[in-house]
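# Summary of structural features
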Amino acid sequence: MKAIIYQPDNDIFCAFDMATPQLESPYDVLIEVDAVGLNPVDAKVNYWFGIVADGTREFVGGLDVSGTIVAKGKEVHQWQLGDRVLYHGNMRRRQGGFAQLAVQDSRTLTPHPEVNACEAAASPCAGWTAYRAINDKLHMASHKQSVAIYGASGGVGSYAVQLCRYFNVPQVIAICSERNFDYVRSLGATHCFDYRDEKLLEKLAMAVGSDGIDCALDCFGQKGQGVLSASLGFDGQLVELVNTIDSAQHERAFERGLTLHQLSLGSGHVYGDRGFRSIVNAGMTMNLLMEQQKIQAPKLTVIELADIPDALTEIRLGHTCGKYVAAIQ
C-alpha cells in the first residue's frame, strides 16, 4: 500500500510503498482510510518519536481518521466489517492514517457522523480536544461570562470559539493573527486581539473590566499561558494544551484562587476503559453537534496523500489557519 512515513534519522516525511499492516491485538481493526486530518502533533513528531513502540519499523503518522472497517480481531464484537468509523489514533502506535490502510484499537472508535469524510477527519484531535477543554475542564455551560482563547484561528481554537458560542458565553475573546480576525468573528468571537500587540494585556483588561476573565484556553504555547494567566480574575481557570504548566508564569496563583488544568486528549489511550471513555464521549458529542450543524469544520484545505510531507512542514511553522485534510480513497 502507499503511505507517508517519518524517518527520524533525517527528520523528514516521505512516500513509501509498504505491505498491508497486520492487526496487533484481538481488539484491533484494519481501516480503509477515506480521509485523514493533519495536526501540529503529527508535524512535531520529532519531539515525541521516542515514545513510539518498536522503533525499528517504518512509522506512519496520522491520528484523525475517517474510514471503513475491512478486518477485525477476534475480540471485536461491537463493530462489523463495512462499518464507517471516525477516530483519534494512538500516537504510540505505528500504523496511522497517512496511508491507504490503518490499524486502530476498536475500543476508541466512534460511528461515523453524517457529514463528509474530510469534514469528519478534521474534527477528532482539534474538535474533541476543544470539547474536553470547554466542557469537561472549564464547564462552560455553567454560565461563564468570558473566555479568552490564545491561538483562536487554529484547529483547536476554531472549534473552541464555536463551542463557546454554542454554550452562549457572552464574551468570547480570540487572540490570533490580525489577518484571521474576520475568520474567528465568523465562528462567534466577540473580541479579537493580535497576539503580537504590545498592549495586549491592557486591551484584554479593558474588554472585560476589573473582574478579569473567567476562563482561558491556551492552544498556542510559548508565552500564551503567561498572558492568559495575567488576565484571569479571581477564581479564574486556565487549560494548557501545549506545554506543561509553568508555575513561574502564574503570579499569585494561590492568592487569586486560580485553577490550572492540563489536557492531552490522546493520553486516554493508555489509561484503560476510563481513558477510552474520555476520548469516545467527546467524539460522540462532537459528532452529534456536527450532524446538527451546531459546529462546523474549520476552514479546510483538502490535499492528496502525496502532498502530506509539504503540508506537515508548513504546519511546523505554526502559522496555519484552519485545517489540512488529506483525501486518501
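Our structure is the block above this text.
Let us look at the structure shown here. (Residues numbered from 1 in each chain as written. Predicted model: local features only at pLDDT ≥ 70, side-chain atom pairs only at ≥ 80, totals over all residues. Heavy atoms only, no water.)

### As for the overall build of the protein
A tally of regular secondary structure across the protein gives 11 helices and 15 strands. Computed over C-alpha atoms, the radius of gyration of the protein comes to 20 Å, within 12% of the 20 Å expected from 2.2 N^0.38 for 329 residues, which places it in the range of a compact globule. Dimensions of the protein, computed from C-alpha atoms along their principal axes, come out at roughly 60 × 40 × 35 Å. Relative to its 329 residues, the protein shows a buried fraction of 57%. Pairs at least 24 residues apart make up 67% of the contacts formed inside the protein by residues separated by at least 6 positions. Accessible surface computed for the protein: about 14,500 Å², of which carbon and sulfur atoms make up 49%. Each charge class in the protein can be summarised by its mean position, and for the 28 positive and 37 negative side chains these summaries are 3 Å apart. (Helix = DSSP H or I, 4+ residues; strand = E, 2+ residues; numbered from the N terminus. Rg over C-alpha atoms; globule rule 2.2 N^0.38 Å. Buried < 20%, exposed > 50% of the residue type's maximum accessible area, 1.4 Å probe, protein only. Contact = heavy atoms within 4.5 Å. Areas by Shrake-Rupley, 256 points an atom, 1.4 Å probe, with all protein chains shown as cover. Lys, Arg positive; Asp, Glu negative; His and termini not counted. Charge placed at Lys NZ, Arg CZ, Asp CG, Glu CD.)

### Brief notes about the nonpolar core
Residues I134, M140, I149 and L217 are the most contacted members of the largest nonpolar core, which totals 51 residues. In this structure M140 touches I134, V147, C164, F167, V169 and C215, once residues within four positions along its chain are discounted. If you look at the next biggest cluster of nonpolar residues, it comprises 44 residues, including I5, L30, A102 and V103. (Core = buried A, V, L, I, M, F, W, Y, C linked by side-chain atoms within 4.5 Å.)

### Quick notes on the pattern of salt bridges
Evaluated as defined, the whole model comprises 10 salt bridges. Its salt-bridge partner being K2, residue D17 comes within 3.7 Å of it at the nearest N-O pair. With D17 in strand β2 (residues 12–17) and K2 in strand β1 (residues 2–7), this pair connects stretches of sequence that are 15 residues apart. Look at D17 and you get exposed, because its relative accessible area is 57%. K2 gets classed as partly exposed once you look at its relative accessible area, which sits at 48%. In this structure, E24 engages R93 in a salt bridge whose closest nitrogen and oxygen atoms are separated by 3.0 Å. Of this pair, E24 sits in the loop between β2 and β3 (28–38) while R93 sits in the loop between β5 (84–88) and β6 (101–105), placing them 69 residues apart in sequence. When salt bridges that share partners are traced, they join E24, D28 and R93 into one network. (Salt bridge = Lys/Arg side-chain N within 4 Å of Asp/Glu carboxyl O.)

### Digging into empty space enclosed by the protein
A complete count under the given rule lists one cavity of 30 Å³ or more for this structure. Each pocket or cavity is described by its volume, and for the largest cavity that value is around 180 Å³. Lining the largest cavity we find 23 residues, and of these F59, V60, G61, G62 and G96 sit closest to its centre. For the lining of the largest cavity, the element with the most residues is β1, which contributes three residues. Residue classes in the lining of the largest cavity are distributed as 13 nonpolar, seven polar and three charged. (1 Å grid on protein atoms, 1.4 Å probe; cavity = no way out; pocket = protein on both sides within 12 Å on 5 of 7 lines; lining within 4 Å. Points joined across faces, edges and corners; volume = space filled by probe spheres on them. Nonpolar A, V, L, I, M, F, W, Y, C, P; charged D, E, K, R; others polar.)

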